[in-house]
Amino acid sequence: MTVIGAGDIAAETDRHRPELVEVVRSAYLTHDAGQSSNPQSSFLRFPHQNRSRIISLPAYLGGEFEVAGNKWIASFPDNTRHGIPRASATLVLNDCVTGYPFACMESSIVSATRTAASAVLGAQTLLGARRARRVGIVGTGLIAQHVWRFLRDLDWEIDGFRLFDLDPAAAGRFGAVMAEHTEAEIVVGDSVEDAFTDCDLVVLTTVAGEPHLHDPGLLAHNPVVLHVSLRDLAPEMILAAQNFTDDVDHAVRERTSLHLTEQRTGNRDFVDGTLGDLLRGRLRRDHGRPAVFSPFGLGVLDLAVGKWVHDRVVAAGRGRRESDFFTGVGV
């Protein structure tokens, strides 16, 4: 068993974001080809803390990856009031021949990395290029920061950013960090609508548990919306757009915006397809309509990024080897 901490993981992911987008692309294509097993995530909720949850994401990813495992990720939004991150996570990787775990990894960075890489891959696929005149960002926490770093490190051409957060000071701090790395115009908006106006790419990375955006008019200029937080958009906005996700059965559940839309309409006809469909060329975006990408966040992506990080860390002689972790078994 190799134990890999956040420092070693960040050292790899921070230096290789373009390569990680290709890792995530390969994972999506492997999943699309049916070379995976990705059971439904299990949500552990707390009766006395309705905003908090811990999610279990077991998965198997074949093809070039050939790894199984499970991510155990906690989301406790009130943590930020005490100066600690909202999310914490552990990823366990299992050998597919013996079933034995061979790695235990800090996984909030793995999770944020695969989430951001997936979102940016979706944006590039739907826009058709690494180019956006203006990018609106709603929610300026950890995931937004990772998405922006991927945009930066993949050399996206962006003229301006529009930021909005319920905490204006947080948006201001985020904008100040961005300004150190880009000459693009950065504006902190007074309302969430400011992050849509004149933006051809909108990134939603909030902790919203219920829809708070109801006006389809926000989409009248046909932007691409990366609906990373899954629960921001009311059904009327979903129905006004062309909708894509990573896996329909996963994304249309647990009171996501897609799930609420299914409950309203009684069907899933409003979901046009998956990112796999787009990558394979089976579907194309209609540029005369707004496009919403609502990725549920598949466990196979955590395995792909986790295995990539593990292999690089071990090859460099880093990580902590626990040779006697399993009593009496020398693995």
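Residues numbered from 1 in each chain as written. Predicted model: local features only at pLDDT ≥ 70, side-chain atom pairs only at ≥ 80, totals over all residues. Heavy atoms only, no water.

(A) Here's a closer look at the domain arrangement of the protein chain. In terms of domains, the protein chain is made up of domain 1 (2-110 + 299-321) and domain 2 (127-294). On a C-alpha basis, the centroid separation for the pair domain 1 and domain 2 is 23 Å. Summing the contributions of domain 1 and of domain 2, the shared interface buries around 1800 Å²; its carbon and sulfur component is 54%. Per-residue buried area on domain 1 facing domain 2 is highest for Arg 17, Tyr 28 and Gln 40; these three make up 34% of the total on that side. Linking domain 1 to domain 2 there are four salt bridges. (Domains from an automatic or database assignment. Buried area = accessible area lost by both parts, 1.4 Å probe. Salt bridge = Lys/Arg side-chain N within 4 Å of Asp/Glu carboxyl O.)

(B) Fine view of the environment of Asp 269. Mapped onto the elements, Asp 269 comes out in the loop between α8 (257-265) and β14 (271-274). By relative accessible area, which is 66% here, Asp 269 ends up exposed. Residues Asp 269 and Leu 239, 30 residues apart in the sequence, show an inter-C-alpha distance of 9.8 Å. (Helix = DSSP H or I, 4+ residues; strand = E, 2+ residues; numbered from the N terminus. Buried < 20%, exposed > 50% of the residue type's maximum accessible area, 1.4 Å probe, protein only.)

(C) Quick look at the environment of Pro 216. With respect to the helices and strands, the residue Pro 216 is situated in the loop between β11 (201-204) and β12 (224-227). On the basis of relative accessibility, which here comes to 33%, the residue Pro 216 falls in the partly exposed class. In sequence terms Pro 216 and Ala 234 are 18 residues apart; their C-alpha atoms lie 9.0 Å from each other. Discounting chain neighbours no more than four positions away, the residues touching Pro 216 are Glu 236, Met 237 and Ala 240. (Contact = heavy atoms within 4.5 Å.)

(D) Broad picture of the pattern of salt bridges. Using the criterion set out here, one finds 25 salt bridges in the structure. Measuring nitrogen to oxygen at the nearest pair gives 3.1 Å for the salt bridge that ties Arg 280 to Asp 32. Of the two residues, Arg 280 sits in helix α9 (residues 275-280) while Asp 32 sits in helix α2 (residues 17-32), which places them 248 residues apart along the sequence. What makes Asp 32 partly exposed here is its relative accessible area of 28%. Note that Glu 185 is salt-bridged to Arg 162, the shortest N-O span being 2.9 Å. Here Arg 162 lies in strand β9 (residues 157-164) and Glu 185 lies in strand β10 (residues 185-188), a separation of 23 residues in the sequence. On the basis of relative accessibility, which here comes to 42%, the residue Glu 185 falls in the partly exposed class. Overall, the relative accessible area of 15% leaves Arg 162 in the buried class. Because the salt bridges share partners, they merge into one network encompassing Asp 8, Glu 12, Arg 15, Arg 312 and Arg 318.

(E) Local environment of the sheet that holds strand β13 (residues 242-245). Across the sheet, eight strands lie side by side as β10-β9-β8-β11-β12-β15-β13-β14; this open sheet has parallel pairing. Two strands close off the open sheet at either side, each with one partner strand: β10 and β14. Neighbour-to-neighbour, the strand axes of this sheet turn through a mean angle of 20°, independent of strand direction. Across seven bridges, strand β8 (residues 131-138) lies against β9 in parallel orientation. Its bridge partner lying in β9, Val 138 is registered against Phe 164. (Pairing = 2+ DSSP bridges. Axes fitted to C-alpha atoms, helices over the stretch in contact; angles between N-to-C directions.)

(F) Spatial organisation of unusual backbone geometry. One non-glycine residue, Asp 155, lies in positive phi territory at about 60°. Within the secondary structure, Asp 155 sits in the loop between α4 (142-153) and β9. The class for Asp 155 is exposed, based on a relative accessible area of 63%. Even without glycine at this site, Asp 198 takes up a positive phi of about 60°. With respect to the element layout, Asp 198 can be found in the loop between β10 and β11.

(G) Geometry of the nonpolar core. Counting residues in each nonpolar core, the largest one holds 65 residues, and the members touching the most others are Met 105, Trp 156, Phe 161, Leu 201 and Leu 226. The dominant element in this core, judged by the number of residues it contributes, is helix α3 (residues 108-127), at 10 residues. With residues near it in sequence (within four places) discarded, Met 105 still touches Ile 4, Ile 9, Ala 89, Thr 90, Leu 91, Leu 93, Val 110, Gly 306, Val 309 and His 310. By size, the runner-up hydrophobic cluster in this structure holds 29 residues, among which are Val 138, Leu 204, Leu 230 and Phe 296. (Core = buried A, V, L, I, M, F, W, Y, C linked by side-chain atoms within 4.5 Å.)

(H) Up close: the packing of α4 against helix α5 (residues 168-179). The interhelical angle for the contact between α4 and α5, taken along N-to-C directions, is 20°, at an axis separation of 12 Å. As summarised for this structure, α4 and α5 are arranged roughly parallel, according to the angle between their axes. The handedness of the crossing between α4 and α5 is right-handed. Of the residues in α5, those in contact with Ala 144, Gln 145 and Trp 148 of α4 are Phe 174, Val 177 and Met 178. In the contact of α4 with α5, the residues fall into five nonpolar, one polar and no charged. (Parallel < 35°, antiparallel > 145°, perpendicular 65-115°, else oblique. Left-handed = near helix turned anticlockwise from the far one by under 90°. Nonpolar A, V, L, I, M, F, W, Y, C, P; charged D, E, K, R; others polar.)

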